[in-house]
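Each chain, written out:
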Amino acid sequence: SPDVRWTTFMAPGQNVVGPFLTGTVNVQTREHGTLPTEFPDGWASWSGTSFAAATVTGRLARLTARNGGDPHAALRELRRTLRQAGGSDPIRLAH
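Per-chain numbering applies: the sequence of each chain, read as written, is numbered from 1 onward. Under the rules for a predicted model, residues below a pLDDT of 70 receive no local features and side-chain atom pairs below 80 are neither given nor counted, while totals for whole chains, interfaces and linings still include all residues. To obtain the side-chain values, all non-hydrogen atoms of the structure were included, while hydrogens and water were left out.

1. Comments concerning the packing of aromatic side chains
Part 1 of the argument: Two rings from Phe, Tyr or Trp (for Trp, the six-membered ring) form a pair when their centres are within 6.5 Å of each other. A pair whose planes differ by under 30 degrees is stacked, one over 60 is edge-to-face, and the rest are tilted. Inspection of the entire model under this criterion finds three aromatic pairs.
Part 2 of the argument: Ring centres of Phe20 and Trp46 lie 5.1 Å apart, and the angle between their planes is 65°; this geometry places the pair in the edge-to-face category. Residue Phe20 is located in the loop between strand 2 (16–19) and strand 3 (23–29), and its partner Trp46 is located in strand 5 (residues 43–46); the two are separated by 26 residues in the primary sequence.
Part 3 of the argument: Ring centres of Trp46 and Phe51 lie 6.0 Å apart, and the angle between their planes is 20°; on these two criteria the pair is classed as stacked.
Part 4 of the argument: In this structure Phe51 comes out as partly exposed when scored by relative accessible area, which is 28%. Numbering of helices and strands starts at the N terminus; helices are DSSP runs of H or I of at least 4 residues and strands are runs of E of at least 2. Only protein chains enter the accessibility calculation, which uses a 1.4 Å probe. A residue is then buried if its area is under 20% of the maximum for its type, exposed if over 50%, and partly exposed in between.

2. Points about the side chain of Glu77
Part 1 of the argument: Tracing the sequence through the fold places Glu77 in helix 2 (residues 71–85).
Part 2 of the argument: A 3.5 Å cut-off defines polar contacts: any pair of N or O atoms within that distance qualifies, except that in protein one atom must be a possible hydrogen donor and the other a possible acceptor, and neighbouring residues in sequence count only when both atoms are side-chain atoms. Here the side chain of Glu77 touches Arg66 through a polar contact of 3.2 Å, side chain to side chain.
Part 3 of the argument: Not counting chain neighbours up to four residues away, the residues in contact with Glu77 comprise Leu63, Arg66 and Asn67. Two residues form a contact once any of their heavy atoms are found within 4.5 Å.

3. Quick look at the environment of Leu21
Part 1 of the argument: Inspection of the secondary structure puts Leu21 in the loop between strand 2 and strand 3.
Part 2 of the argument: Judged by relative accessible area, which is 52%, Leu21 ranks as exposed.
Part 3 of the argument: For the pair formed by Leu21 and Pro36, sequence separation is 15 residues and the distance between their alpha carbons is 13 Å.

Next comes the structure, spelled out in structure tokens:
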């Protein structure tokens, strides 16, 4: 959520496609209760802050490995890269 002071990064968290069970799964919905839903290919579309967080932490993990295991250097590189991208990167600085 970009409206809170402790948020450092913003990332996409809507309609993120990820692996899921194959076949019929009972999905709980607010509007219609439990619905049997088909997932023939083993993929589903997800939304929420948890998926945005995974986008940022995945990038940081990759940068940490690239920076010899130094998470502080990875964080500095991510901030620098996002400033230079000027909003063109899917991850953005919140403030």
